[in-house]
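Topology and contacts: notes
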Amino acid sequence: DAGVIQSPRHEVTEMGQEVTLRCKPISGHNSLFWYRQTMMRGLELLIYFNNNVPIDDSGMPEDRFSAKMPNASFSTLKIQPSEPRDSAVYFCASSGPSGTLPSTDTQYFGPGTRLTVL
Amino acid sequence: GIQVEQSPPDLILQEGANSTLRCNFSDSVNNLQWFHQNPWGQLINLFYIPSGTKQNGRLSATTVATERYSLLYISSSQTTDSGVYFCAVDIGQFYFGTGTSLTVIP
């Protein structure tokens, strides 16, 4: 398996623009996680899905952020409109399928998307 | 919210040395995990360990939930162990510690 795939790897955009980050989890995994990492706030869990259903989105910072998982092989994290404080590395991870919530399986991380909002 | 503190914040070791990293948390937790982020930014989930002890090669982890701490042991350290080690706790919401930055010198 190619592992967790994220795209794009780097994104530079201007304030106010819409940004869409994409993630393809490892085939067969049924949990998917979106994280954000910044120097100021460290690592934060934004949202996680189990069997394509959002289970915990309490880490989503505000309404400008939305995440979807239309099927088992694809997820998006959208920021609209983007702001400079959204600049961060966004990681996607997948795990499973233990069937437990929260997942107790090892999480496999993608390489991350480095987002810069000017 | 819950406080998650890691110590030491920075650690420099000679290759071959052993080390212990600590994670203290201020409330009961449902779940605790250890992660490693290498110098290139890649994140790896090391252990899921809400209680007890687990071992994986040169790494082992122990969580004493009643005393609200977890320890990560690295034995016979190698340069590839360098990076930042995070613990994260789940109390319904997920909280990460600020990490321990480890540098292993050849």
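Description of the structure in this document. (Residues numbered from 1 in each chain as written. Chains lettered and ligands numbered in written order. Predicted model: local features only at pLDDT ≥ 70, side-chain atom pairs only at ≥ 80, totals over all residues. Heavy atoms only, no water.)

Remarks on the overall build of chain B
So the rule is basically this: The way it works is that DSSP assigns letters per residue, a run of H or I at least four long becomes a helix, a run of E at least two long becomes a strand, and they are numbered from the N terminus. Put simply, the radius of gyration uses C-alpha atoms, and a globule should come to 2.2 Å times the residue count raised to 0.38. Burial status follows relative accessibility: with a 1.4 Å probe on protein chains alone, a residue under 20% of its type maximum counts as buried, one over 50% as exposed, and anything between as partly exposed.
Along the backbone of chain B there are zero helices and eleven strands. Counting from the amino terminus, chain B carries its helices and strands in the arrangement β-β-β-β-β-β-β-β-β-β-β. Against the compact-globule benchmark of 13 Å for 106 residues, chain B has a radius of gyration of 13 Å, which places it among compact chains. Put simply, chain B has 106 residues, and 48% of those count as buried.

Topic: the pattern of salt bridges
As a reminder, the rule being used: Within this document, salt bridges are pairs made up of a side-chain nitrogen of Lys or Arg and a carboxyl oxygen of Asp or Glu, the two lying within 4 Å of each other.
All told, the structure shown has nine salt bridges over all chains when counted by the stated rule. Across the pair Glu44 of chain A and Arg36 of chain A runs a salt bridge, and its minimum N-O distance is 3.1 Å. Judged by its relative accessible area of 13%, Glu44 of chain A is buried. In this structure, the salt-bridge partner of Arg58 of chain B is Asp81 of chain B, at a minimum N-O distance of 2.8 Å. Of this pair, Arg58 of chain B sits in the loop between strand S6 (52–56) and strand S7 (59–64) while Asp81 of chain B sits in the loop between strand S8 (69–74) and strand S9 (83–90); the two residues are 23 residues apart in sequence, bridging distant segments of the chain. For Arg58 of chain B, a relative accessible area of 27% corresponds to the partly exposed category. Residues participating in the shared-partner salt-bridge network are Glu62, Arg64, Glu83, Arg85 and Asp86 of chain A.

Observations regarding the layout of surface pockets
How we decide: Cavities and pockets were defined on a 1 Å grid built from protein atoms only: a cavity is a group of points that admits a 1.4 Å probe but offers it no way out, a pocket is an open group of points flanked by protein on both sides within 12 Å along at least five of seven lines, and a lining residue is one with an atom within 4 Å of any such point. Grid points are joined across faces, edges and corners, and a volume is the space filled by probe spheres set on the points. Polar here means any residue other than Ala, Val, Leu, Ile, Met, Phe, Trp, Tyr, Cys and Pro, which are nonpolar, and Asp, Glu, Lys and Arg, which are charged; Gly is therefore polar.
Roughly 640 Å³ of volume is contained in the largest pocket. Counting residues per element, the ones that place at least two in the lining of the largest pocket are strand S4 (31–38), strand S5 (42–50), strand S9 (88–95) and strand S11 (113–117) of chain A together with S9 of chain B. The leading source of residues in the lining of the largest pocket is S9 of chain A, at three residues. In terms of residue class, the lining of the largest pocket is built from twelve nonpolar, 13 polar and three charged. When its volume is computed, the second largest pocket comes out at roughly 420 Å³.

Let's talk about the environment of Asp86 of chain A
Residue and element names in this part refer to chain A. In plain terms, the rule: Contacts were defined at the residue level, with two residues in contact if any of their heavy atoms lie within 4.5 Å.
Mapped onto the secondary structure, Asp86 falls in the loop between strand S8 (74–79) and S9. In the structure, Asp86 is positioned 77 residues away from Arg9 in sequence and 16 Å away in space, judged by C-alpha atoms. In this structure Asp86 touches Arg36, Arg64, Phe65, Ile79, Pro81, Leu115 and Val117, once residues within four positions along its chain are discounted.

What to know about the state of the cysteines
Residue and element names in this part refer to chain A. Heads up, the rule is: Any cysteine sulfur atom paired with another within 2.5 Å is treated as part of a disulfide.
One pass over the full model with this rule turns up two disulfides over all chains. Sulfur-sulfur distance for the disulfide between Cys23 and Cys92 comes to 1.8 Å. Its torsion about the S-S bond being -70 degrees, the disulfide of Cys23 and Cys92 is classed as left-handed. With a gap of 69 residues between them, Cys23 in strand S3 (residues 19–24) and Cys92 in strand S9 connect regions that are remote in the sequence.

Function cannot be read off these values alone, since they describe shape.
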